[in-house]
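# An overview of the molecular structure
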Amino acid sequence: MPLPALLTALIILALALWFYLVFALVMDHRRQAARRSGQPYAGLRDTAQVWSKMLRAPEHRRSRRRVTLTTLALLVLLLLRALV
C-alpha cells in the first residue's frame, strides 16, 4: 500500500475516533447539565457551569486527554499527508 493511501486511511480512522469522542463528551455534559437544571434541556447558565467544571475538574482529565491526544494525532497525520 503506498504511503499517501495509508495516511489517508489513518486520517479517516483518527477522524472517526475524534468524532466519537467529541460526541460522547458533548452528550455526557448535556446529560449533566440537564440533571443539574432538572429540565430535559438545560439553559445557558447550567450548560456553561457544567462545561466550566469539565475544563477544570480532575475527574474529567481522562476524557480531556483523550480528545487532546486524538486531535494532535489527527493534526500530525494531516500535516504528514500534506507533505507527502
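What comes next concerns the included structure. Bear in mind that the values here come from a model prediction, so they are computed numbers and not experimental data.

Tallying secondary structure elements over the chain gives 3 helices and 0 strands in all. Judged by the C-alpha coordinates and their principal axes, the chain covers about 55 × 25 × 15 Å. The buried share of the chain, reckoned over its 84 residues, is 20%. The contacts in the chain between residues at least 6 apart in sequence include a share of 60% that link residues at least 24 apart. Total accessible area computed for the chain in this model is approximately 6,300 Å², and 68% of it derives from carbon and sulfur atoms.

We now examine the pattern of salt bridges. For the structure on display, the rule yields 3 salt bridges. In this structure, Asp28 engages Arg31 in a salt bridge whose closest nitrogen and oxygen atoms are separated by 3.8 Å. Highlighted residues: Asp28 and Arg31, both in helix 1 (residues 3-37), separated by 3 residues, approximately one helical turn. With a shortest N-O distance of 3.4 Å, Asp46 and Arg36 are connected by a salt bridge. Separated by 10 residues along the polypeptide, Asp46 in helix 2 (residues 44-56) and Arg36 in helix 1 bring together distant segments of the chain. Looking at Asp46, the relative accessible area reads 18%, which means it is buried.

This part covers the packing of aromatic side chains. For the structure on display, the rule yields 1 aromatic pair. On the basis of an interplanar angle of 65° and a centroid distance of 5.5 Å, the ring pair of Trp18 and Phe19 is categorised as edge-to-face.

Turning our eyes to something else, we now look at the side chain of His60. Here His60 shows up in the loop between helix 2 and helix 3 (61-83). His60 sits in the buried class, given a relative accessible area of 10%. The contacts of His60, once residues within four sequence positions are left out, are His29, Gln32, Lys53 and Met54.

So, on to helix 1. In a regular helix each residue adds 1.5 Å, so 35 residues correspond to 51 Å; helix 1 covers 50 Å between its end C-alpha atoms and thus fits that length. Buried residues of helix 1: Leu7, Ile11, Ala14, Leu21, Leu25, His29, Ala33 and Ala34, and no others. Buried residues belonging to helix 1 abut helix 2 and helix 3. Phi for Gly38, located one or two positions after helix 1, is positive at around 80°.

This part is about the side chain of Thr70. Among the secondary structure elements, Thr70 is positioned in helix 3. Of the residues examined, Thr70 reaches a relative accessible area of 10% and is grouped as buried. Ignoring any residue separated from it by four or fewer positions in sequence, one finds Thr70 in contact with Ala14, Leu17, Trp18 and Leu21.

What counts and how
- Residues numbered from 1 in each chain as written.
- Predicted model: local features only at pLDDT ≥ 70, side-chain atom pairs only at ≥ 80, totals over all residues.
- Heavy atoms only, no water.
- Helix = DSSP H or I, 4+ residues; strand = E, 2+ residues; numbered from the N terminus.
- Buried < 20%, exposed > 50% of the residue type's maximum accessible area, 1.4 Å probe, protein only.
- Contact = heavy atoms within 4.5 Å.
- Areas by Shrake-Rupley, 256 points an atom, 1.4 Å probe, with all protein chains shown as cover.
- Salt bridge = Lys/Arg side-chain N within 4 Å of Asp/Glu carboxyl O.
- Phe/Tyr/Trp six-rings, centres within 6.5 Å; stacked < 30°, edge-to-face > 60°.
- Expected span 1.5 Å × (residues − 1).

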